[in-house]
Protein chains: 2
Amino acid sequence: MTARRGGGPTMHDVGKLAQVSAMTVSRVLKNDPGVSQATRERVFAAVDQLGYRRNETARSLRLGGSGMIGLVVTNLANPFYSRLALGVQEVATEYGFRVVLSNSAEQVEKEPGLVDGLIDHQVEGLIVVPAGSRQKHLADAMRHVPVVLAARPPAGLDTDCVLVEDFHGAREATASLLAEGHTRIAFLGNPPALYTGTERLRGFWAAHEEAGVEPDNTLIRQGLVDAATAEQAAAELLDRADGPTALFCTNNRISHGAIRALHKAGTTIPLAGFDDFELSDVLGLPLTLVSYDADEIGRQAARLLIDRLDQRDGQPPAARRVTVPTRVIRHGPPSAGPGAGPRPLA
Amino acid sequence: MTARRGGGPTMHDVGKLAQVSAMTVSRVLKNDPGVSQATRERVFAAVDQLGYRRNETARSLRLGGSGMIGLVVTNLANPFYSRLALGVQEVATEYGFRVVLSNSAEQVEKEPGLVDGLIDHQVEGLIVVPAGSRQKHLADAMRHVPVVLAARPPAGLDTDCVLVEDFHGAREATASLLAEGHTRIAFLGNPPALYTGTERLRGFWAAHEEAGVEPDNTLIRQGLVDAATAEQAAAELLDRADGPTALFCTNNRISHGAIRALHKAGTTIPLAGFDDFELSDVLGLPLTLVSYDADEIGRQAARLLIDRLDQRDGQPPAARRVTVPTRVIRHGPPSAGPGAGPRPLA
DNA sequence: CTGTTAGCGCTTTCAA
DNA sequence: TTGAAAGCGCTAACAG
């Protein structure tokens, strides 16, 4: 077992050196106006000399609040989450809160433990991007602190959330493919248990209905969890004689897998999908991407949470739902339309 | 100002319900063997009923150790840092430590504040990827807790660090370009104040010397801080009549900028650089990338730190330096060599 | 303007 | 096997 360190100087030590009580040191450090300038200076001198740092742990205990909010995400390596984290941090800092980040590293089953851990460490609130569809651990968490969901709606919980225009974005991007004349568009999606998955499928479907095109069910693949599974699914579809003339991908990792499949097959067909990504514009592929501001999701979530913290004494406000807009981006060569069929790469 | 929450049930409350003292509750929760089975069960029942969670803040205060280590990075959106963070977390968890992540969001001047904040929150040790070359704040930090540096060496500090084979990797990648006959290779690098910058330039230079090629100083651009500045620098070089026949980039963001410049110029020449990146293999560009395991940097750093924490009572060990190996990866079409000159894109 | 007292929730130590 | 007392470092509330 690892030894724990005892500790450095305390306010008492500082006080002794500055010839005042610990209480006065506390006042000086808190910028309490009721301290003479002379004393103030002596205290600061003592602080410097001892290299004293106030113990926030003791402070939290005494004050009954840690000044921390917890953020739980699945995968920081995905820019979506790291941008979201930046947004949370930006707003939290502004309001004097510190953010403690927890990363479930793609393991859904770790999420409840992370949430509990954060609560044990006295975070005053939580922002969570739930990895799975089970939210019981979040209901438990809500017994202790306010919880705000990001990018996923609550399932049986009465709390705030920040969502992307999933339906709208998917419909718009799909419609753009349909407008180019594509009628055989493959859908590559994450597990239907995820809200974003079903919602984006709904948008995909709605665009078809509006265009009077019947979607081909055999071109719909859900349950893709990462770039590798997406690549395989895409490869299988591309291999079919009656394969798709365009692809729709529900997130950046799935797009990556699909792009890799296209590359390996040595062909290309138009691809639409959620999430813009780095270098998407230099791939030279016909891409239609649904882009949105992940930072903004984080900022909004932080605002909702802090607002709830401010209201802690009064009536808890009714659950709110904030939506972050999407916009469609076009990259690469203009689509040749479905007639051209799969195009060999240059 | 934000109200602070009072608090949920305490051990005292649990004890009252289970008809034991708080002390016994503490023992049960700690798995202390000296408690009767019957009592144990009553306590657990009370814990469940109240939804009790042990207050880690109070615990830390009493124990004189928080069980947390701090990690400071500049930019979580860069996969290098998020992978590193994963590695740290992996090892820390294994040893029962929690990781508190702090992100300076590219603002070098925020780093000292983050470090101080973590110390105030009683982290038992720190892992830092220093953003700049000034390390005075780290010297201050070392007065309180052990500090391990990742990806940068200490400058005037006596402490452990984990480094990449910067020199070796740069030399090897450059050598591969030289072997293809290139003699006019541009160097696009980050500010020389950063260790990785100068070290990678040294490798670049050494490869030239070994090949008997005189590097052209006018092709060397240092001080590039992001993709945008790199893009501009690359564009300027490509625009010259006596421009380079190949590029060397010192990190992923600079590579991204250079690739975009190539794309906009509508030409391509071989590019070598540090850091592999997503979709590098489907760009269809002749790339020579120096790849390494960022997770492993994090893991090693965590090991060094935890080892130091274990030795806290005894003699502090001498500063150690661990190196993580690099390997060179080739992507895209075989280089046509310098004779071919800039090649129009397909 | 400054100090004393008490206690945040927990655990170590000592006693029963 | 269990409990009482003391105190980790800090600060609100009350003196002086």
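These numbers come from a predicted model, not from an experiment.

Novice: So what's going on with the environment of Asp239(B)? Which residues, and what values?
Specialist: Residue position: Asp239(B) is located in helix H10 (residues 227-239). For Asp239(B) and Ala265(B), which are 26 residues apart along the polypeptide, the C-alpha to C-alpha distance reads 8.5 Å.

Novice: Go over the side chain of Thr74(A) with me, naming the residues and quoting the values.
Specialist: All names here are of chain A. Its place among the elements puts Thr 74 in the loop between strand E1 (68-73) and helix H5 (79-94). Look at Thr 74 and you get buried, because its relative accessible area is 8%. There is a polar contact of 3.2 Å between the side chain of Thr 74 and the side chain of Tyr 81. Apart from residues no more than four positions distant in its own chain, Thr 74 is found in contact with Tyr 81, Asn 103, Ser 104, Ala 105, Glu 106, Val 129 and Ala 131.

Novice: Outline helix H9 (residues 195-211) of chain B, supporting the account with residue identities and numerical values.
Specialist: Residue and element names in this part refer to chain B. A rise of 1.5 Å per residue sets the reference length of H9, with its 17 residues, at 24 Å; its end C-alpha atoms lie 24 Å apart and thus fit the reference within 8%. Structurally, H9 contributes buried residues whose contacts are with helix H8 (166-179), strand E6 (185-188), strand E7 (220-221), strand E8 (246-249), strand E10 (271-274) and strand E11 (287-292). Of the residues trailing H9, Gly 212 is marked for its positive phi of about 70°.

Novice: Give me the lowdown on the relation of the copies chain A and chain B, citing residues and values where you can.
Specialist: Superposition record for chain A on chain B: RMSD 0.1 Å, screw rotation 180°, translation along axis 0.0 Å. Accordingly, the operation relating the two chain copies is best matched by a two-fold axis. Here 100% of the contact residues of chain A are again contact residues in chain B; the copies associate through an equivalent surface.

Novice: Quick rundown of the protein's contact with DNA strand C? Include the residues and the values.
Specialist: Around DNA strand C, the structure places 24 residues, and the nearest of them are Arg27(A), Thr39(A), Tyr52(B), Arg59(B) and Arg62(B). Close to the protein, within 4 Å, the atoms of DNA strand C belong to sugar or phosphate groups at a rate of 61%. Contacts to DNA strand C include Arg27(A), whose side-chain N or O atom sits 2.3 Å from a base oxygen. In this structure, a phosphate oxygen belonging to DNA strand C sits 3.2 Å away from a side-chain N or O atom of Lys30(B). Mapped onto the surface near DNA strand C, the elements with two or more residues apiece are helix H2 (22-29) and helix H4 (56-63) of chain A together with helix H2 (22-29) and helix H4 (56-63) of chain B. The biggest single contributor to the surface near DNA strand C is H4(B), with four residues.

Novice: Quick rundown of the sheet that holds strand E4 (residues 147-150) of chain A? Include the residues and the values.
Specialist: Residue and element names in this part refer to chain A. On the basis of which strands lie adjacent, the open sheet formed by six strands has the order E2-E1-E3-E4-E5-E12 and parallel pairing. For this open sheet the edge positions go to strand E2 (98-103) and strand E12 (321-324), each flanked by a neighbour on one side alone. Put simply, the sheet's adjacent strands are angled 20° from each other on average, direction ignored. Where E1 lies against E2, six bridges are found, and the strand directions are parallel. Bridge assignment links Ile 69 to a residue of E2, and that residue is Val 99.

Novice: Summarise the interface of chain A and chain B; cite the residues concerned and give the values.
Specialist: Between chain A and chain B, the residue contacts involve 63 residues of the former and 63 residues of the latter. Both faces combined, the contact of chain A with chain B buries some 5800 Å², and carbon together with sulfur accounts for 53% of it. Between chain A and chain B we count six salt bridges in total. Between Asp120(A) and Arg53(B) there is a salt bridge; the shortest N-O distance is 2.8 Å. Here chain A is connected to chain B by 15 residue pairs in polar contact (both at pLDDT 80 or more). For the side of chain A that touches chain B, the secondary-structure elements that each account for two or more residues are helix H3 (37-50), H4, H5, E2, helix H6 (111-120), helix H11 (252-265) and helix H12 (294-310) of chain A. Its residues assigned to classes, the side of chain A that touches chain B comprises 25 nonpolar, 20 polar and 18 charged.

Parameters and conventions
- Residues numbered from 1 in each chain as written.
- Chains lettered and ligands numbered in written order.
- Predicted model: local features only at pLDDT ≥ 70, side-chain atom pairs only at ≥ 80, totals over all residues.
- Heavy atoms only, no water.
- Helix = DSSP H or I, 4+ residues; strand = E, 2+ residues; numbered from the N terminus.
- Buried < 20%, exposed > 50% of the residue type's maximum accessible area, 1.4 Å probe, protein only.
- Polar contact = N/O pair within 3.5 Å; in protein donor to acceptor, adjacent residues only side chain to side chain.
- Contact = heavy atoms within 4.5 Å.
- Expected span 1.5 Å × (residues − 1).
- Least-squares fit on C-alpha atoms with pLDDT ≥ 70 in both.
- Near = heavy atom within 4 Å.
- Pairing = 2+ DSSP bridges.
- Axes fitted to C-alpha atoms, helices over the stretch in contact; angles between N-to-C directions.
- Buried area = accessible area lost by both parts, 1.4 Å probe.
- Salt bridge = Lys/Arg side-chain N within 4 Å of Asp/Glu carboxyl O.
- Nonpolar A, V, L, I, M, F, W, Y, C, P; charged D, E, K, R; others polar.

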